[in-house]
Amino acid sequence: MKKLFLHITLFFSLVCFSQNEQLAQYYYEKGDFEKAKISFEELLKATPQNYQYFIRIVDCYQQLQQFDVAEKAIQTRLNIYKQGNLLVELGYNFHLKKDEASAKKQYEEAIERINKNPNEVYGIANSFERKVLLEYALKSYQTATESQPNYNFNYQIALLYGQLGNTEMMISTFLDEAYANPQNSIQIQNQLARFMVEEGDENFNETLRKALITRAQKNQDVFWNEYLSWYYVQQKEFGKAFIQEKAVYKRNPESLSSIVNLGQLAIEEDDQEAAKEILGFVLENTKDLELLIQANSYLLEMKIGKAPEKDFAIIDSELKRLLTEYGITPISLSLQLIQAHFATFNLKKPEEGKAIVKKALALELNVYEEAQAKMELADIFLFEEKFNQALIYYSQIEEDLKNDAVAHEASLKAAKTSYFQGDFLWASKQFKELKSASTQLIANDALEYFLLISDNTVADSTQTALKQFAKGDYLLYQNRDKEAIAQFQAILKSFKGQEIEAVTLLRLGKIYEKQGEYNLALSQYQNIITEHSDGIYIDEALFFSAEIENKKLQQPEKAKPLYEKIIFNHQDSIYFVDARKEYRQLRGDKNL
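These numbers were taken from a predicted model, which means no experiment stands behind them.

**Focus on the overall build of the protein**
Part 1: When you go through the protein residue by residue, the secondary structure sums to 32 helices and zero strands.
Part 2: C-alpha extents for the protein along the principal axes are approximately 85 × 65 × 65 Å.
Part 3: Expressed as a percentage of its 592 residues, the buried residues of the protein come to 48%.
Part 4: Here the protein has roughly 30,900 Å² of accessible surface; of this, 50% comes from carbon and sulfur atoms.
Part 5: Across the protein, 68 positive and 86 negative side-chain charges occur, with their mean positions spaced 2 Å apart.

This is the structure:
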């Protein structure tokens, strides 16, 4: 009984202590530093060794301009605990008192402490960084590595160089660290990529490129070819990346998988010429069955995406030839599903498509392969307007692969199925949940449909226009582009000037682009720019127009002002980074 009473007492003590900490933090974040100070002082009495409580108290003193009280508190704790980071706190307090000479003295003494005991670098450098005393933080790490060569702070040093604006030293230090410790390469590439697209100055990309080329010339290690390939992929220069990947392959011809992946990236970025060259190289240089099937699958998907109807018979024959050559096995599943999709959506033979998928499902597939096959079967049922059967298969995938990216894709397709049926309430709920999906493309797609339903429900409670628009989207899904165009044009006539107009123009623009009718596409986008400049589709209209002018019609001077409007007026757009890069290229900047 006594033990139970003791446990209950301890439990309530912990609860009360946690509540007191939350209250102190609440006062601190609210800016009520007098109450926060008193609360943290009470907490520190209970746990005198707690450094975070002490720092909060000192900060409260300083916010209340009680600098002498803060100095005494820091000095007292320094005498007791002898921690070098307290010298930084003391120096910073002198800085707040405008006593820069005394501040500098304390900072230098902190650096000297590292000289004597390199282990102190962690607390001291961290304190300098929190106070944004970056030069001293840099000096801390450098002093520690000079005193103890086994220490490695290259990553922290590189970040500090970047924060200080010395990008050349940042790049050099990062690359030295990446080569010395390849296991850190991905983390380093993430930091470099952030500077390439967000934070670097105008010469950053060129400086990085030159640094990589210099290292590749001095040191023949394939590591630098791989790094150059990564760099060119970030720049979407897939042809140049391919040159580096070929150099790697010649030195290490064991696998072509990285080259296959490069081809896939080129397809995703619509660089068809580079993709054909890259995947053609794979087909010429491998006998690996999986790679052969993967390369052929990518090439066929690319070909189907752009093929006119007159080429369908040739593609159909090619699919049959490849599946005869490679056999109907789990390894050739991607080709089987492409054949099923092509039969349904291009040849308009859904029964043939279903037969192909059901034959694939009879194979010994793993859970992911089975999900891919079920997804295709559901897509075909949706094509046939068998909505409930499609939903059953999408639901099975969601159940079998909970929280996986494939499950999120199935959820998105299920939501679109409800949308096509006109069940906007349920579809909207599903799209809302998927807005936070881990896969960015799914999240963006879900957000687009959520806003479409929301905006057009507020504007028209009967959802008459939205129902007509969903019908047009369903025709697009079925690959019935001519009928979809007629449907969207009818919407423009019936609902002129209403909320649905801008997104309808956007849909028409994308269909015309797909058909190569670039002037017609530009006309739709221009209408959005002129009549709906305050709407949510303006950045898309600007970017798509710029891309047509720049890359399809070869009129860069017309593209430049369009990119420029995105850069200056739509910084939150998902097209901002690409617009800035293209604009810099057209302007002739050396940095890209």
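**Considering the nonpolar core**
Part 1: Counting residues in hydrophobic clusters, the biggest one holds 91 residues, and the most contacted among them are Phe128, Met170, Leu175, Leu192, Leu208 and Tyr227.
Part 2: Once residues within four sequence positions are removed from consideration, Tyr227 is found in contact with Leu175, Ala178, Ser185, Ile188, Gln189, Leu192 and Leu212.
Part 3: Of all hydrophobic cores here, the second largest spans 80 residues; its members include Leu365, Ala390, Phe469 and Tyr537.

**Focus on the environment of Ser418**
Part 1: Along the chain, the position of Ser418 falls in helix α23 (residues 405-421).
Part 2: Classification of Ser418 as buried rests on a relative accessible area of 3%.
Part 3: For the pair formed by Ser418 and Ala521, sequence separation is 103 residues and the distance between their alpha carbons is 29 Å.
Part 4: Dropping the residues within four chain positions of it, Ser418 is found in contact with Asp423, Trp426, Ala427 and Gln430.

**Description of the pattern of salt bridges**
Part 1: Evaluation of the coordinates by the stated rule reveals 36 salt bridges.
Part 2: As a salt-bridge pair, Lys97 and Asp68 come within 2.9 Å of each other at their nearest N and O atoms. With a gap of 29 residues between them, Lys97 in the loop between α5 (85-96) and α6 (100-116) and Asp68 in helix α4 (residues 67-81) connect regions that are remote in the sequence.
Part 3: Classification of Asp68 as exposed rests on a relative accessible area of 55%.
Part 4: One salt bridge in this structure joins Glu409 and Lys413, with 3.7 Å as the shortest N-O distance.

**Let's talk about the environment of Ala340**
Part 1: The topology assignment puts Ala340 in helix α19 (residues 333-345).
Part 2: The spatial distance from the C-alpha of Ala340 to the C-alpha of Lys482 is 23 Å, given a sequence separation of 142 residues.

**Notes on the packing of helix α20 (residues 350-361) against helix α21 (residues 367-383)**
Part 1: Running from N to C, α20 and α21 cross one another at 160 degrees; their axes reach a closest spacing of 10 Å. In terms of orientation, α20 lies roughly antiparallel with respect to α21. By crossing handedness, the relation of α20 to α21 is classed as left-handed. Packed against α20, whose contacting residues are Pro350, Gly353, Lys354, Val357, Lys358 and Leu361, the element α21 presents Glu370, Ala373, Lys374, Glu376, Leu377, Ile380, Phe381 and Phe383 at the interface.
Part 2: For the contact of α20 with α21, a count of residues per class yields eight nonpolar, one polar and five charged.

Rules used in this analysis
- Residues numbered from 1 in each chain as written.
- Predicted model: local features only at pLDDT ≥ 70, side-chain atom pairs only at ≥ 80, totals over all residues.
- Heavy atoms only, no water.
- Helix = DSSP H or I, 4+ residues; strand = E, 2+ residues; numbered from the N terminus.
- Buried < 20%, exposed > 50% of the residue type's maximum accessible area, 1.4 Å probe, protein only.
- Areas by Shrake-Rupley, 256 points an atom, 1.4 Å probe, with all protein chains shown as cover.
- Lys, Arg positive; Asp, Glu negative; His and termini not counted.
- Charge placed at Lys NZ, Arg CZ, Asp CG, Glu CD.
- Core = buried A, V, L, I, M, F, W, Y, C linked by side-chain atoms within 4.5 Å.
- Contact = heavy atoms within 4.5 Å.
- Salt bridge = Lys/Arg side-chain N within 4 Å of Asp/Glu carboxyl O.
- Axes fitted to C-alpha atoms, helices over the stretch in contact; angles between N-to-C directions.
- Parallel < 35°, antiparallel > 145°, perpendicular 65-115°, else oblique.
- Left-handed = near helix turned anticlockwise from the far one by under 90°.
- Nonpolar A, V, L, I, M, F, W, Y, C, P; charged D, E, K, R; others polar.

What is shown is where atoms sit, not what they do.
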